[in-house]
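# Descriptive structure summary
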Amino acid sequence: MAHWLRLITGRITQVTKMAETQLTQDLYDAANRMRISAIEMTIASKSGHPTSSCSAAEILATLFFHEMKYDIATPKCASADRFILSKGHACPILYAAWEEAGLLTHEQVLSLRKIDSDIEGHPTPRLNFIDVATGSLGQGLSCAAGMAYVGKYIDKASYRVYCLMGDGETAEGSIWEAAAFASYYKLDNLVALVDVNRLGQSQETALGHHMETYKARFAAFGFHAIVVDGNDVNALLVAYAEAKSVKDKPVAILCKTLKGKGIVDIEDMDNWHGKPVPASTIEPIRALLKGSEKGKLKAQKPVMDAPELKFEIGKIKMSSPPEYNLGDKVATRAAYGTALVKLGDSCDRVIGLDGDTKNSTFSEKLLKKHPGQFIECFIAEQNLVGVGIGAGCRGRTIPFCSTFAAFFTRAADQLRMGAVSFANLKCAGSHVGVSIGEDGPSQMALEDLAMFRAIPDSTVFYPADAVSAERATEMAANIEGIVFIRTGRPALPVLYKNDEVFEIGKGKIVRQTPNDKILIIGAGVTLYEALKAADTLAAEGIEACVLDPFCIKPLDKDLIVEHSKRVGGRVITVEDHYQAGGVGEAVAAALSDEAHVRIRSLCVRSVPRSGPPDALVELFGISAKSIVEAVKNF
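Only a predicted model underlies this, so the values are computations on that prediction, with no experimental measurement involved.

## With respect to the pairing of strand S10 (residues 425–430)
Most of S10 sits inside the fold, with six of its six residues counted as buried. Burial along S10 is two-sided: the face carrying Leu425, Cys427 and Gly429 and the face carrying Lys426, Ala428 and Ser430 are both buried. For strand S9 (residues 398–404) and S10, the ladder comprises five bridges, and the chain directions are parallel. Along S10, the bridge assignment pairs Phe404 with Ser430. Read from S9 through helix H15 (residues 412–420) to S10, the crossover connection turns out right-handed.

Pasting the structure below:
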């Protein structure tokens, strides 16, 4: 009996080894076909990054045809594994992987970088298998961490997230912000891969092939770190198996590769970054193929365990309307926090993220009532925005990121790439302008409107009181895209009734008479200064119309044009912001085609200083007194 058992066991082992040998060869063939395709598409486009692609061929082949679970019929299935190519310049190998999988044709990939093709020079979500745009290096891991957080703690599903980075981009601080976040939250469903091919764009990278240094760095950040030969299929498969056994830690697989792997006379050679290689290099790679047919390897199907979503953007309502009394003093930042809780009551997919300012932005209100809908990102604003972008992918959450508005400028590139990603991200920035007072200029957001207005297809709200702040937050949840809500520190009187109706791109006239001689446009704190100025002017026989734009982008051009004409073409804008990119320039653009209209802008024109809020508003020329003087000198 024992004899027969040994025979059967031996036969099974032999068959298994034969199967493993065949799998290995199939994966090498897939990798080499992908190399050939990447070279061919970059030759066709006369540009691109074939050497950066070829170093990662085995990594993608093993991921796509052995490790990851997905369905080419629905690449963004909620339950499918996610893949982020942080080293976006290597997209030819990603396109080649989807060609090998059967989603793309060879004809399609040969359209790389053509103006009428979505097979772009760096990946964007114009393609149905791309979640986030990459190419500005150092951002992919944050987005991946956001996806992994949602997978583990919100979806509570089995899908895993894989992010492939280049070795050069690990010099970016944002990578280590993301690494710290992933470790803190024990994201054991996240696998970070680094293609350590040694060569950067212009020279060898800082660490070259010092793999133990990479390992020590990731380990120091709390990762389970594995060093492998990244051009060895079997080594990669072993590493993936080890990664799946790790609990309560993210995994970093550090792949030692050769740039241009497989390309004769170019492999591991400098000065070949971002250049097509000769067509003659294809045949030696083709000679390595052992006969495994394209399409033989199939991805595993996802385990369909991501929950079905029960919300619809456009139909999300706060659990209750605003509840204020006219004249009550409430800071718009506090009203934002109240509205966030009400949205969280109605929709468990509304989440808040903050950078350790939650007791100032008042996002802590959501944390206190719905702790499972809040992510603390600590003082790492680039990662805060990146995690928010990742968390919003595939419509799994509606993320609201909040911090001091000044600190969003640190994440300007993440926001820029968020626009390229068609991200659904809400940003609430508090502590704006000189009106924050004694904290001084380092804390004063005076460029934030300019930055968010410059983002394509963004929406920018600047609510003046608590009622409008709640409604702006509610509207933000129902807009697809990047939205900015500018909130203030001072507690100011409630201007609007609780049932006041607000709309995107619609302003409000808060004071007018039939005898108005000038239009004053104020926003946030300066709206109150404008109202005080109008009272002073009225006492002297000069009537002024006061307009609250509420939404700075899109701006209510029709309302502004109507009342500028009504008052005889005299317009003053006043804002707690620098001139460039602010309210004044937005209004000037809206009135640029109107004849006989004159505009004067009151704004902060120099670097401010610490001091009491009222004194600073006066010192920098945006007070009621300054408005009165400007009207009289018009």
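## Points about the nonpolar core
Counting residues in each nonpolar core, the largest one holds 87 residues, and the members touching the most others are Phe181, Leu187, Leu190, Phe218 and Phe452. Sort the elements by how many residues they give to this core and helix H6 (residues 140–154) lands first, with nine residues. Ignoring anything within four residues of it in the chain, the contact list for Leu190 reads Leu141, Ala144, Ala145, Ala148, Val161, Ala182, Pro250 and Val251. Of all hydrophobic cores here, the second largest spans 52 residues; its members include Ala57, Phe83, Leu193 and Val246.

## Some remarks on the domain arrangement of the protein chain
Domain assignment breaks the protein chain into domain 1 (26–287), domain 2 (328–494) and domain 3 (508–633). Put simply, the middle of domain 1 and the middle of domain 3, counted by C-alpha atoms, are 52 Å apart.

## Here's the deal with the packing of helix H14 (residues 381–391) against H15
Running from N to C, H14 and H15 point in directions that differ by 15°, and their axes come no closer than 8 Å. When the axes of H14 and H15 are compared, the pair comes out roughly parallel. The element H14 and its partner H15 pack so that their crossing is right-handed. Taken together, the residues of H15 that come into contact with H14 (itself represented by Gln382, Val385 and Ile389) are Gln414, Leu415 and Gly418. When its residues are assigned to classes, the contact of H14 with H15 shows three nonpolar, three polar and no charged.

## A short note on the packing of H6 against helix H7 (residues 173–184)
One way to put it is that H6 packs onto H7 with a least axis distance of 8 Å and a crossing angle of 20°. Here H6 is positioned roughly parallel relative to H7, judged by the angle of their axes. Handedness of the crossing formed by H6 with H7: left-handed. Contacts from Leu141, Ser142, Ala145 and Tyr149 in H6 reach Ser174, Ile175, Ala178, Ala179 and Phe181 in H7. Of the residues contributing to the contact of H6 with H7, the split by class is seven nonpolar, two polar and no charged.

## Examining the sheet that holds strand S7 (residues 350–354)
Taken together, seven strands build an open sheet; the order of strands is S8-S7-S9-S10-S12-S11-S17 and the sheet is mixed. The two strands at the open ends of the sheet, each matched to only one other strand, are strand S8 (374–376) and strand S17 (551–553). Strand-to-strand twist of the sheet, defined as the mean angle between neighbouring strand axes without regard to direction, takes the value 20°.

## A few points about a positive patch on the surface
A cluster of like positive charges, contributed by Lys517, Arg570, Arg598 and Arg600, occupies part of the molecular surface. Arg570 sits in the partly exposed class, given a relative accessible area of 31%.

## A look at the environment of Glu177
Its location among the elements puts Glu177 in helix H7. Taking the relative accessible area as the measure of exposure, Glu177 reaches 22% and is therefore partly exposed. Apart from residues lying up to four places away in sequence, Glu177 is in contact with Ala380, Glu381, Gln382 and Asn383.

## Thoughts on the pairing of strand S12 (residues 482–486)
The buried count for S12 comes to five of five residues, which makes it a mostly enclosed element. Here S12 shows a buried face lined by Ile482, Phe484 and Arg486 and a second buried face lined by Val483 and Ile485. When S10 meets S12, the two strands line up parallel, connected through five bridges. Bridge pairing links Lys426 to Val483 in S12.

## What to know about helix H9 (residues 233–245)
With 13 residues, H9 ought to run about 18 Å at 1.5 Å a step, and its terminal C-alpha atoms sit 19 Å apart, in line with that. Taken residue by residue, H9 has Val233, Leu236, Leu237, Ala239, Tyr240 and Ala243 as its buried positions. Viewed end-on, H9 has its buried residues packed into an arc of 160°, placing them on one side of the element. Of the exposed residues in H9, the ones pointing more than 90 degrees away from its buried face are Val238 and Ser245. Taking the backbone nitrogen of Asn234 as reference, a side-chain oxygen 3.0 Å away marks Asp232 as the first, capping residue of H9.

## Things to note about the side chain of Ser564
By the element assignment, Ser564 lies in helix H19 (residues 557–566). Here Ser564 falls in the buried class, since its relative accessible area comes to 0%. Residue contacts for Ser564: discarding those within four places in its chain leaves Leu519, Gly569, Arg570, Val571, Leu591 and Val597.

## Focus: unusual backbone geometry
Residue Pro554 follows Lys553 across a cis peptide bond; omega there is 0°. Relative to the helices and strands, Pro554 is located in the loop between S17 and H19. Of note, the phi angle at His431 is positive, near 60°, even though the residue is not glycine. Residue His431 is classed as buried on the basis of its relative accessible area of 2%.

Parameters and conventions
Residues numbered from 1 in each chain as written. Predicted model: local features only at pLDDT ≥ 70, side-chain atom pairs only at ≥ 80, totals over all residues. Heavy atoms only, no water. Buried < 20%, exposed > 50% of the residue type's maximum accessible area, 1.4 Å probe, protein only. Helix = DSSP H or I, 4+ residues; strand = E, 2+ residues; numbered from the N terminus. Pairing = 2+ DSSP bridges. Right-handed = clockwise from strand over helix to strand, strands pointing away. Core = buried A, V, L, I, M, F, W, Y, C linked by side-chain atoms within 4.5 Å. Contact = heavy atoms within 4.5 Å. Domains from an automatic or database assignment. Axes fitted to C-alpha atoms, helices over the stretch in contact; angles between N-to-C directions. Parallel < 35°, antiparallel > 145°, perpendicular 65-115°, else oblique. Left-handed = near helix turned anticlockwise from the far one by under 90°. Nonpolar A, V, L, I, M, F, W, Y, C, P; charged D, E, K, R; others polar. Patch = residues over 30% accessible without salt bridge, like charges linked within 9 Å, V, L, I, M, F, W, Y side chains within 5 Å. Areas by Shrake-Rupley, 256 points an atom, 1.4 Å probe, with all protein chains shown as cover. Salt bridge = Lys/Arg side-chain N within 4 Å of Asp/Glu carboxyl O. Lys, Arg positive; Asp, Glu negative; His and termini not counted. Charge placed at Lys NZ, Arg CZ, Asp CG, Glu CD. Expected span 1.5 Å × (residues − 1). Arc of directions from axis to C-beta. Polar contact = N/O pair within 3.5 Å; in protein donor to acceptor, adjacent residues only side chain to side chain.

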